[in-house]
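Chain residues, written in single-letter form:
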Amino acid sequence: MVDFIQTTIDGLSIGSAYSLIALGFTLVFGVMRRINLSYGPSIMLGAFAGTWIFVTLDAQPWLVAAVTVAGTVAVGVYVERVCFWAIRRDAAIASMVSSFVIWMQLEEVATILLPGRTYPFPELFRTGGVEIGPYFFRMEYVTTLTVAILVLVMLRLLLFKTRFGLALRAVSENPAAAAYMGIRPGRVIFRAFVLASLIGGIAGYLLLAADQQVTPYFGLWATFKGLIAMMLGGMGSIPGAVVGGLILGVIESQTQWYLGNAYKDLSSYLVLFMVLVLRPGGLLGQGIAEREAQAFRRI
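First, a word on scope: everything that follows refers to the structure included in this document. Since the structure is predicted, the reported quantities are computational estimates derived from the model, not experimental observations.

The subject of this paragraph is the pattern of salt bridges. The tally for this structure, following the rule as stated, stands at 3 salt bridges. In this structure, the salt-bridge partner of Glu-80 is Arg-81, at a minimum N-O distance of 2.7 Å. Of the charged contacts in the structure, one is a salt bridge between Lys-225 and Asp-265, with a shortest N-O distance of 2.9 Å. Of the two residues, Lys-225 is situated in helix α9 (residues 218–233) and Asp-265 in helix α11 (residues 264–278); the sequence distance between them amounts to 40 residues. Linked by salt bridges that have partners in common, Lys-225, Glu-252 and Asp-265 make up one network.

So, on to the packing of helix α1 (residues 2–32) against helix α10 (residues 238–258). For the pair α1 and α10, interaxial distance at closest approach is 5 Å and the crossing angle is 140°. The orientation of α1 relative to α10 falls into the category oblique. Along this stretch, α1 crosses α10, giving a crossing that reads as right-handed. Tallied by class, the residues present in the contact of α1 with α10 amount to 15 nonpolar, 11 polar and 3 charged.

Positive phi values are uncommon outside glycine, yet Asp-58 reaches one of about 55°. Tracing the backbone through its elements, the reader meets Asp-58 in the loop between α2 (39–57) and α3 (61–85). On the accessibility criterion, Asp-58 (58% relative accessible area) is exposed.

This part takes up helix α6 (residues 163–173). Among the residues making up α6, those that are buried are Phe-164, Gly-165, Ala-167, Leu-168 and Val-171. In an axial view of α6, the angular spread of the buried residues amounts to 160°, which keeps them on one side of the axis. Facing away from the buried surface of α6 by more than 90 degrees, the exposed residues are Arg-163, Leu-166 and Glu-173. Buried residues along α6 sit against α1, α5 (139–161), α7 (175–180) and α8 (185–211).

Time to look at the packing of α1 against α8. It is at 8 Å that the axes of α1 and α8 come closest, and there the two elements cross at 170°. Taken together, the axes of α1 and α8 are roughly antiparallel relative to one another. Like other packed secondary-structure pairs, α1 and α8 cross with a definite hand, here left-handed. Only Ile-189, Ala-192, Phe-193, Leu-195, Ala-196, Ile-199, Ala-203, Leu-206 and Leu-207 of α8 make contact with α1, whose side of the interface consists of Ala-17, Leu-20, Ile-21, Leu-23, Gly-24, Leu-27, Val-28, Val-31 and Met-32. Grouping the amino acids of the contact of α1 with α8 by side-chain chemistry returns 17 nonpolar, 1 polar and no charged.

Moving on: the nonpolar core. In terms of nonpolar packing, the biggest core is built from 71 residues, with Leu-20, Leu-23, Leu-27, Leu-155, Leu-168 and Ile-199 touching the most fellow members. The dominant element in this core, judged by the number of residues it contributes, is α8, at 13 residues. Those residues in contact with Leu-27 that lie beyond four places of it in its chain are Leu-155, Leu-168, Leu-195, Ala-196, Ile-199 and Ile-238.

Turning our eyes to something else, we now look at the packing of aromatic side chains. Following the criterion strictly, the structure yields 6 aromatic pairs and no others. With a centroid separation of 4.9 Å and 70° between ring planes, the pair formed by Phe-25 and Tyr-39 is classed as edge-to-face. Of this pair, Phe-25 sits in helix α1 while Tyr-39 sits in helix α2, placing them 14 residues apart in sequence. Assigned by exposure class, Phe-25 and Tyr-39 land together as buried. A ring pair is formed by Phe-100 and Trp-103, whose centres lie 5.7 Å apart and whose planes are at 75°; its orientation type is edge-to-face. On the criterion of helical spacing, the pair formed by Phe-100 and Trp-103 is a turn pair, its members being 3 residues apart in helix α4 (residues 92–113). Since its relative accessible area comes to 39%, Phe-100 is described here as partly exposed.

Counting through the fold element by element, Gly-50 comes out in helix α2. C-alpha of Gly-50 to C-alpha of Lys-161: the two residues are 111 residues apart in sequence and 33 Å apart in space. In contact with Gly-50, other than residues within four places in its own chain, are Val-64, Val-67 and Thr-68.

Let's shift gears to the environment of Leu-158. Secondary-structure assignment places Leu-158 in helix α5. With a relative accessible area of 23%, Leu-158 lands in the partly exposed category. Separated by 10 residues in sequence, Leu-158 and Leu-168 have C-alpha atoms that sit 9.8 Å apart. Once you skip the residues sitting within four places of it in the chain, Leu-158 turns out to touch Phe-164, Gly-165 and Leu-195.

What counts and what doesn't
- Residues numbered from 1 in each chain as written.
- Predicted model: local features only at pLDDT ≥ 70, side-chain atom pairs only at ≥ 80, totals over all residues.
- Heavy atoms only, no water.
- Salt bridge = Lys/Arg side-chain N within 4 Å of Asp/Glu carboxyl O.
- Helix = DSSP H or I, 4+ residues; strand = E, 2+ residues; numbered from the N terminus.
- Axes fitted to C-alpha atoms, helices over the stretch in contact; angles between N-to-C directions.
- Parallel < 35°, antiparallel > 145°, perpendicular 65-115°, else oblique.
- Left-handed = near helix turned anticlockwise from the far one by under 90°.
- Nonpolar A, V, L, I, M, F, W, Y, C, P; charged D, E, K, R; others polar.
- Buried < 20%, exposed > 50% of the residue type's maximum accessible area, 1.4 Å probe, protein only.
- Arc of directions from axis to C-beta.
- Contact = heavy atoms within 4.5 Å.
- Core = buried A, V, L, I, M, F, W, Y, C linked by side-chain atoms within 4.5 Å.
- Phe/Tyr/Trp six-rings, centres within 6.5 Å; stacked < 30°, edge-to-face > 60°.

This is the structure:
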């Protein structure tokens, strides 16, 4: 039982980072009903900017964190301008394909600028962690879980207590109606992209600070983990993104402990398949899927 609880604690801590990545996917999908496939590579390129100043300038961790987040936001703005702003809103397939092309472009840029493939990333804490009874808590994971909770609370307040949140929800429901009410959908979407990139940069830094290394494959890894967590919790549901990320982290940790690392990813795919078969809208997104289906039938 001690091993089970310890593995669950580790899974929740890692899953909190998955939740942050899934929140970025959810913000973009909830507003535009499009999937940004280059979201993970955007985080990866921001992390490469951070590790570059760490390797070349021996920068402090706080500066690496700032550069990582700023780099992710800058790349996110580039993706939004090229893939989503420049392509009509009704051309969802074209924008998704173009984001895949940008994904390949960002990975090539990363491998050209840093051809060594694997580079060190500064650790967040020099102390390993704390022990409470028979359980061990890594400080990096505790920090990630705390940051995830703070981001969720702040995002909730932003969406339901501010004018920008009201505009964001209006554009998500009906962009044309929102435009008639004086809201500029293009500006709202741009700010949503910046916010999603900001959250992604924070998640990327926390994950890599725990691993203490970064590779060009991080973009692919982050994209898969974020999409799986979002679909588990429910596409378009912010609480669902958090729940999906935590569940994914626990499933992977338990599978790795009891079955080995080779079955870790397989278990997450199997659970995702079962959830989508039983609840196509995800664990907390079924209501959103049913509401959209009813609206489509009315049209």
